[in-house]
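Descriptive analysis of the structure
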Amino acid sequence: MQEIALIRPGHPTDTKLVLELEQTALRREFEERLGECGTLAFRVARGVLRSAPDAEDVAQEAMLQAYRRFPRLRDRSRFRAWLVRITFRLALDQARSARRREQRETLWAVAPPRPTAEDLAASGEFERRLERAMETLPEKSRLVLLLSAMDGHSREEVAELLHVPVGTVKSRLHLARKRLAEKLR
Amino acid sequence: MICEKYRDALIDAAAGEPPDRALADHLEACTPCRATQTREQDLFTAIDDALRASMSETPRAGFLAKVHAQIADEAQKQDAHKQSGWIPMWAWAGAAAALALVLVVIAHPWGRLRPPPITAEGVKAPALRAHESPAITQSVRGSAEHSRTQRHGRLDSPQPLYAQIPVSNQTASLEPEVLVPPDEAKAFALFVARLAGRDAMAEAVVRPAVEKAVERNADLPGVPSVDLADLQPDSLRWNDPIDESADSE
């Protein structure tokens, strides 16, 4: 059932009520968009980070930040692109700090035993090498590669999401794939 | 070696670019290049599959519910802050910085700190007036009294010219001011009174040393050079009794 409230603009109590109603409407709008974009944020984070739990944490943080800044977003139709950018930046920050932490820890740790060929095959060595190769790509190419790899994202949609021409998406994608192949060859 | 020139085109074709006619002809004839192309195509397929696999992962079941709960918490926090009149930390920091700036401006009146520009007239005038002014001892009597008169602009008694200039118009003090302890005031008054008759010496005393040095170096005509020996008059002895009449002026 729809809520109905009688308000008198200008009256202090009513002004407060108007603000509260506005905030509630804003929150509802945000939560509706979140239903569509929550998984997208997670996937963008997962594309940068190595573990799913880390990606979830980053996606949550990104959505919380987006909620805080949502009233300042002028063009609401660009919400998806905006959220993708926030998530991507946060995920990159998280990946960098994780890498630094890892480097610090490996300085003190004893070198692990060398894995056998079976170990490598079972533990997804190719994926790990791919992740390392992805880290060497420029940020713009990397984001294009991740978004293009998502199901249902055509080149045109990626171009719209990143607000760049389709030709730019194509060239960035082509170069990124070639560079990855070079690293993995 | 002939296959080397097709290398880039071959990789581009494996990455999904349409192969040109020359490459297609070469591939039909060259078995190693066909094998390389197949290998490259496999590599690109593996990359695409791995990327697609990682990008099609879905978050855990309670993920979105958790996000909604966090947003609800955030909204409650925001409401509580608004109701309690909470002011963010950055606002306090900004206000403190502004207050500090105002205090600094009040504590340092920049105009007072800047020394007034000294003009040639401003420097020479007291030298001439040192022997011209009959009331020179009056100026010696107390610089505090003199500056008070200037500040309030009261001109009850005949004042020297410099005192009639409004304070705002003065670029520098025209009168040589000497701070003398009260018990030495009489002795200094006597000394100045004795100097009154000796223009050159008086001029030498009151003129700044820098100006004298400049004059000496430049050898300007018409200005007599002053020796240090001239500053010690024969008749002035420090043990002389103090002339009370000089002080009574």
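Up top is the structure these notes are about.
Residues numbered from 1 in each chain as written. Chains lettered and ligands numbered in written order. Predicted model: local features only at pLDDT ≥ 70, side-chain atom pairs only at ≥ 80, totals over all residues.

Considerations on the overall build of chain B
Selection rule: Counting from the N terminus, the helices are the DSSP runs of H or I reaching at least four residues and the strands are the DSSP runs of E reaching at least two. Buried, partly exposed and exposed are defined by the number of other C-beta atoms within 10 Å of a residue's own C-beta, namely 20 or more, between the two limits, and 12 or fewer respectively, with C-beta atoms placed from the backbone. C-beta atoms are first placed from the backbone for all residues, and any pair lying within 7 Å is then listed as a contact.
A tally of regular secondary structure across chain B gives 14 helices and 0 strands. Ordered by position in the sequence, the α and β elements of chain B form the string α-α-α-α-α-α-α-α-α-α-α-α-α-α. Relative to its full complement of 249 residues, chain B shows a buried share of 12%. Summarising the internal contacts of chain B: among those between residues at least 6 apart in sequence, 71% fall at separations of at least 24.

Let's talk about the overall build of chain A
Looking only at helices and strands, chain A has 8 helices and 0 strands in total. Order of helices (α) and strands (β) in chain A, N terminus to C terminus: α-α-α-α-α-α-α-α. Counting every position in chain A, which comprises 185 residues, the buried fraction comes to 24%. When contacts within chain A are restricted to residue pairs at least 6 apart in sequence, long-range pairs at least 24 apart make up 62% of them.

A word on the packing of helix α5 (residues 125-135) of chain A against helix α3 (residues 31-55) of chain B
Just so we agree on the cut-off: Axes here refer to lines fitted to C-alpha atoms; in helices the fit is confined to the stretch in contact. Angles between the N-to-C directions go from 0 to 180 degrees. If an angle is under 35 degrees, it is roughly parallel; if it is over 145, roughly antiparallel; if it lies from 65 to 115, roughly perpendicular; otherwise it is oblique. Note that Gly is not counted as nonpolar here; it falls among the polar residues with everything else outside the nonpolar set of Ala, Val, Leu, Ile, Met, Phe, Trp, Tyr, Cys and Pro and the charged set of Asp, Glu, Lys and Arg.
Where α5(A) meets α3(B), the closest approach of the two axes is 11 Å, and the angle between their N-to-C directions is 85°. One element, α5(A), and the other, α3(B), form an angle in the roughly perpendicular class. Side by side, α5(A) and α3(B) meet where A:F126, A:E127 and A:L130 of the first sit next to B:A46, B:I47 and B:A50 of the second. Here the residues of the contact of α5(A) with α3(B) sort into 5 nonpolar, no polar and 1 charged.

A look at the interface of chain B and chain A
How big an interface is tends to be stated in terms of the accessible area lost upon association of its parts. Taken together, the contacts link 25 residues of chain B with 30 residues of chain A. Only α3 and α4 (63-83) of chain B provide two or more residues apiece to the side of chain B that touches chain A. The residue inventory of the side of chain B that touches chain A, partitioned by class, reads 15 nonpolar, 5 polar and 5 charged.

Section: the nonpolar core
Operational definition: Any set of buried Ala, Val, Leu, Ile, Met, Phe, Trp, Tyr and Cys residues joined through C-beta atoms within 7 Å is what this text calls a nonpolar core.
Residues A:A41, A:A45, A:V58, A:A59, A:A62, A:A91 and A:V144 are the most contacted members of the largest nonpolar core, which totals 37 residues. The element best represented in this core is helix α2 (residues 52-69) of chain A, accounting for 7 residues. Those residues in contact with A:A45 that sit more than four places away from it in its chain are A:A55, A:V58, A:A59, A:T87 and A:A91. Listed in part, the 5 residues of the second largest apolar core include B:Y6, B:L10, B:A14 and B:L23.

Re unusual backbone geometry
You will see that A:H163, though not glycine, has its phi angle at about 60°, which is positive. With respect to the secondary-structure elements, A:H163 resides in the loop between α7 (155-162) and α8 (166-184).

Observations regarding the environment of B:V178
Residues and elements named next belong to chain B. Locating V178 in the fold gives a position in the loop between α10 (161-164) and α11 (185-195). According to the C-beta neighbour criterion, V178 is exposed, with 12 such atoms within 10 Å. Sequence separation between V178 and F188 is 10 residues; the distance between their C-alpha atoms is 9.6 Å.

Some points on helix α5 (residues 89-107) of chain B
What counts, and what does not: Multiply 1.5 Å by the residue count of a helix minus one, and that product is the helix's expected span.
Here α5(B) contains 19 residues, and its C-alpha end-to-end distance of 27 Å stays within 8% of the 27 Å for a straight helix at 1.5 Å per residue. Burial analysis of α5(B) places just 0 of its 19 residues in the buried class, which makes it a mostly uncovered element.

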